[in-house]
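# Coordinate inspection notes
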Amino acid sequence: MLEVKGLMVFYENALAVNDLSLKVQAGQVVGVIGSNSAGKTTLMNTLSGLILDQRIKELRKGGERITIMGKVIHEGQDISDMPAYERVRLGIVLCRERHPVFPDSTVLENLAIAGHLRSKVEVAQTTELCFDLFPNLTRWRRRKAGFLSGGEQQMLAIGMALVVRPRLLLLDEPLLGLSPAMQEKVVEAIRSVREKTGVTIVIAEQFARPILPMLDFGYVIENGMLTLTGSGRDLMENPEVKSAYFGL
Amino acid sequence: MLQGTIIYGFINSVMLLLVALGFNLTFGISGVANFAFGALYITAGFLAWIGLNTLGLPYWLAGPAAVFITAVLAGLLYRFVVLRVRGLVVSEVIATFGVGLAILELFRFLGFIGFEYTLPEMLDLEVSLAGVIVDGQRLAILLVGAGLTLFLWWFTRHTRTGRAFRAIAQDEHTALTLGINTERVATVSVAFGAAYAAVAALVILPLGTIAVNEGYHVLVNALAVCIVGGLGSTLGVVVASFMIGFAQTFTATYLDTSWMMVVSLLAILVILLARPSGLFGSQKQLEERI
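Residues numbered from 1 in each chain as written. Chains lettered and ligands numbered in written order. Predicted model: local features only at pLDDT ≥ 70, side-chain atom pairs only at ≥ 80, totals over all residues. Heavy atoms only, no water.

### Points about the packing of helix H5 (residues 136-158) of chain B against helix H8 (residues 182-204) of chain B
Residue and element names in this part refer to chain B. Contact pair H5 / H8: the axes reach a minimum separation of 9 Å and the direction vectors enclose 165°. In terms of axis orientation, H5 runs roughly antiparallel to H8. H5 and H8 meet at a crossing whose hand is right-handed. Facing Gln-137, Ile-141, Val-144, Leu-148, Phe-151, Leu-152 and Phe-155 of H5, the residues of H8 in contact are Phe-192, Tyr-196, Val-199, Leu-202, Val-203 and Ile-204. Class assignment for the residues of the contact of H5 with H8 results in 12 nonpolar, one polar and no charged. (Axes fitted to C-alpha atoms, helices over the stretch in contact; angles between N-to-C directions. Helix = DSSP H or I, 4+ residues; strand = E, 2+ residues; numbered from the N terminus. Parallel < 35°, antiparallel > 145°, perpendicular 65-115°, else oblique. Left-handed = near helix turned anticlockwise from the far one by under 90°. Contact = heavy atoms within 4.5 Å. Nonpolar A, V, L, I, M, F, W, Y, C, P; charged D, E, K, R; others polar.)

Here's what the structure looks like:
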């Protein structure tokens, strides 16, 4: 479904992603595991096309020079130069890190805004699916998103991505800043999303322990480079992963 | 006298609201302080005048045409000038102010000066409000002001483009990841803001003549209202319009009309010293945007 070939991303002369290649098959849950500054967010921004917008804005204001090399192929089509909003039309939807919701709008308004490309009927259907997937949100329908807890905001953010009706859902650090109990709830929610929608999911995460069990395939990256690959179960048993991520 | 001052203060406040809504809308969504705003206001006035008097068009055609052309001009200004320097605040201000200055002084250069440059009144009647006579044009200002405020509220909540406006105003990157073409929507918001300026011009300018200097006054008033209310905050704009509007009218009544502009400038000065982010703006947003 998605293939990345020899991706390299530079911020000025600093190499954020180094010759990275990966594949995502339809229907899979694929993980990109890495510590802080490993290049996870840069990778997700490249897959979603957000980095192209960042590059244009930096260029306009004479800021940091962002250089991107390599290819992003989606279902046989090279989408490396396709803007983020057009990739969304292909079904590639990114849920950014740190609960990206619209804080001054209510939960329902957030979901309605997310349905920009969808008809009213489709938005209404997916909104109900969201409340079904995330019952916690049901009682806060008319509450401003900025007043929700971190975990609820993350659920809403995933819900908003679902309203777009993605074929490939990119989740960037969905567990960041959440308590262990809330992390468990969000992991459970992601599992439900997979079961009920069958959408292909790519999760970039530094909290490996809760994520690895649900992965069909995982990539471990450090300093922008691929260091390990394997199924979620293989990675869980790997001594290097155990040492780096489980403290064992 | 007090009743009259209150009623005319209310009308003056609605006039300020009318000119500030468009400026605030543009800033809130695109993040660009459009310093060509006053020039666009005057352009709409002269375009309507040309349509009516030079081309002989009926008002129902000349008015909307002026609004449409002004909106397109603003969209082009954003697309081909502002977008190239977007994110560089000083350059944005210089670029928009420069274009505004060029437009206004071009009108002066082309000889658009004189008492013949007036627009017709919309309502030819007089009514008594609490014993105070109010002319039809000022009633039209009240109606259009209320109508445009309600329309903006409805538009940003119940239309696809309006919701995209709100999305970009809150978080442009998240909007982009939801499939919203943020640059196109920002261009539409600038055009929309200019259309608001144009409608304001069509209802306010019939009270006097279309004068180039009025463009500068409108810009200062819009800036004063938006800075006092909090840049990007619609509620702030409404509250600040009434505060400054009443302050101006009381000053004009009990001091002199020449002091009205001083009130606007003083309001900017006081709020920047006491609460730089404005009454309803947040300091964080101000630091991020300015």
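### Details of the interface of chain A and chain B
Contacts between the two partners involve 28 residues from chain A, matched on the other side by 23 residues from chain B. Across the chain A to chain B interface the summed buried area is about 2,500 Å²; carbon plus sulfur atoms make up 55%. For the chain A face of the interface with chain B, the top three residues by lost area are Arg-60, Phe-102 and His-116 of chain A, together amounting to 29%. Between the two partners, chain A and chain B, sit four salt bridges. One salt bridge in this structure joins Arg-166 of chain B and Glu-109 of chain A, with 3.4 Å as the shortest N-O distance. Taken together, the connections running from chain A to chain B amount to 11 residue pairs in polar contact (both at pLDDT 80 or more). When contributions to the side of chain A that touches chain B are tallied by element, the ones reaching two or more residues are helix H2 (50-60), helix H3 (84-90), strand S6 (92-95) and helix H4 (107-114) of chain A. It is H2 of chain A that provides the largest number of residues to the side of chain A that touches chain B, a total of five residues. (Buried area = accessible area lost by both parts, 1.4 Å probe. Salt bridge = Lys/Arg side-chain N within 4 Å of Asp/Glu carboxyl O. Polar contact = N/O pair within 3.5 Å; in protein donor to acceptor, adjacent residues only side chain to side chain.)

### Brief notes about the pattern of salt bridges
Counted according to the given criterion, the structure contains 16 salt bridges over all chains. Between Glu-172 of chain B and Arg-86 of chain B there is a salt bridge, with the nearest N and O atoms lying 3.2 Å from each other. Taken together, the residues Glu-172 of chain B in helix H7 (residues 172-177) and Arg-86 of chain B in the loop between helix H3 (59-85) and helix H4 (89-109) connect sequence positions 86 residues apart. In this structure, Glu-172 of chain B and Arg-86 of chain B share a single accessibility class: buried. Through salt bridges with shared partners, a single network forms among Asp-53 and Lys-57 of chain A together with Arg-86 and Glu-172 of chain B. (Buried < 20%, exposed > 50% of the residue type's maximum accessible area, 1.4 Å probe, protein only.)

### A closer look at empty space enclosed by the protein
For the coordinates displayed, the defined rule picks out five cavities of 30 Å³ or more. In this structure, the largest cavity spans a volume of roughly 70 Å³. Around the largest cavity, the lining residues are Leu-94, Cys-95, Arg-96, Pro-100, Ala-157, Met-160 and Ala-161 of chain A together with Thr-174, Thr-177 and Leu-178 of chain B. When contributions to the lining of the largest cavity are tallied by element, the ones reaching two or more residues are S6 and helix H7 (150-163) of chain A together with H7 of chain B. (1 Å grid on protein atoms, 1.4 Å probe; cavity = no way out; pocket = protein on both sides within 12 Å on 5 of 7 lines; lining within 4 Å. Points joined across faces, edges and corners; volume = space filled by probe spheres on them.)

### What to know about the sheet that holds strand S5 (residues 77-78) of chain A
Residues and elements named next belong to chain A. The strand order across the open sheet built from four strands is S2-S1-S4-S5, with neighbouring strands paired in antiparallel fashion. Edge positions in the sheet fall to strand S2 (14-24) and S5, since each has one partner strand and no second. The sheet contact formed by strand S4 (residues 66-74) and S5 spans two bridges and is antiparallel. Within S5, the position partnered with His-74 by the bridge is Gln-77. The strands that helix H1 (residues 40-48) touches are strand S1 (2-11), S2 and S4; relative to S1, the one it contacts most, it runs at about 120°. Lying on the sheet, H2 is in contact with S1 and S4; it crosses S4 at an angle near 155°. (Pairing = 2+ DSSP bridges.)

### Overview of the layout of surface pockets
Here the second largest pocket is characterised by a volume of approximately 760 Å³. In terms of residues, the lining of the second largest pocket owes the most to one element, helix H1 (residues 2-30) of chain B, which gives seven residues.

### Focus on the pairing of strand S7 (residues 168-172) of chain A
Residues and elements named next belong to chain A. In terms of residue burial, S7 counts as a mostly covered element, since five of its five residues are buried. Of the two faces of S7, both are covered, the one formed by Leu-168, Leu-170 and Asp-172 as well as the one formed by Leu-169 and Leu-171. Pairing between S6 and S7: four bridges, direction parallel. Counted as the bridge partner of Cys-95 is Leu-171 from S7.

### Observations regarding unusual backbone geometry
Phi angles above zero are rare outside glycine, and Glu-173 of chain A is one such case at about 45°. In this structure, Glu-173 of chain A sits in the loop between S7 and helix H8 (180-197). With a relative accessible area of 4%, Glu-173 of chain A lands in the buried category. The backbone phi angle of Ala-130 of chain B is positive, close to 50°, even though this residue is not glycine. Take Ala-130 of chain B: its relative accessible area is 54%, and that puts it in the exposed class.

### Remarks on the pairing of strand S8 (residues 200-205) of chain A
Residue and element names in this part refer to chain A. Burial analysis of S8 places six of its six residues in the buried class, the great majority of the element. Covered by surrounding structure in S8 are Thr-200, Val-202 and Ala-204 together with Ile-201, Ile-203 and Glu-205, the residues of both alternating faces. Pairing of strand S3 (residues 29-33) with S8 involves five bridges; the strand directions are parallel. Residue pairing across strands places Val-29 opposite Ile-201, the latter belonging to S8. Bridge count between S7 and S8: five bridges; the pairing is parallel. Across the sheet, the residue bridging to Leu-170 is Val-202, located in S8. Crossover connection from S7 via H8 to parallel S8: handedness right-handed. (Right-handed = clockwise from strand over helix to strand, strands pointing away.)

### Some words on H1 of chain B
Residue and element names in this part refer to chain B. For H1, spanning 29 residues, the distance from its first C-alpha to its last is 41 Å, which sits close to the expected 42 Å at 1.5 Å a residue. Maximal helix bending in H1 amounts to about 30°, located at Ala-20. In terms of burial, H1 is a largely internal element, 24 of the 29 residues being buried. (Expected span 1.5 Å × (residues − 1). Bend = angle between axes of the 7 residues up to and from the residue.)

### Remarks on the sheet that holds S3 of chain A
Residue and element names in this part refer to chain A. If you trace the six strands from one edge of the open sheet to the other, you get S6-S7-S8-S3-S9-S10, paired in mixed fashion. What marks the edges here is a single partner per strand, and that holds for S6 and strand S10 (225-230). Across the sheet, the mean angle from the axis of one strand to that of its neighbour is 15°, orientation sign disregarded. Sheet topology note: the strand S9 (residues 217-222)/S10 ladder contains five bridges and is antiparallel.

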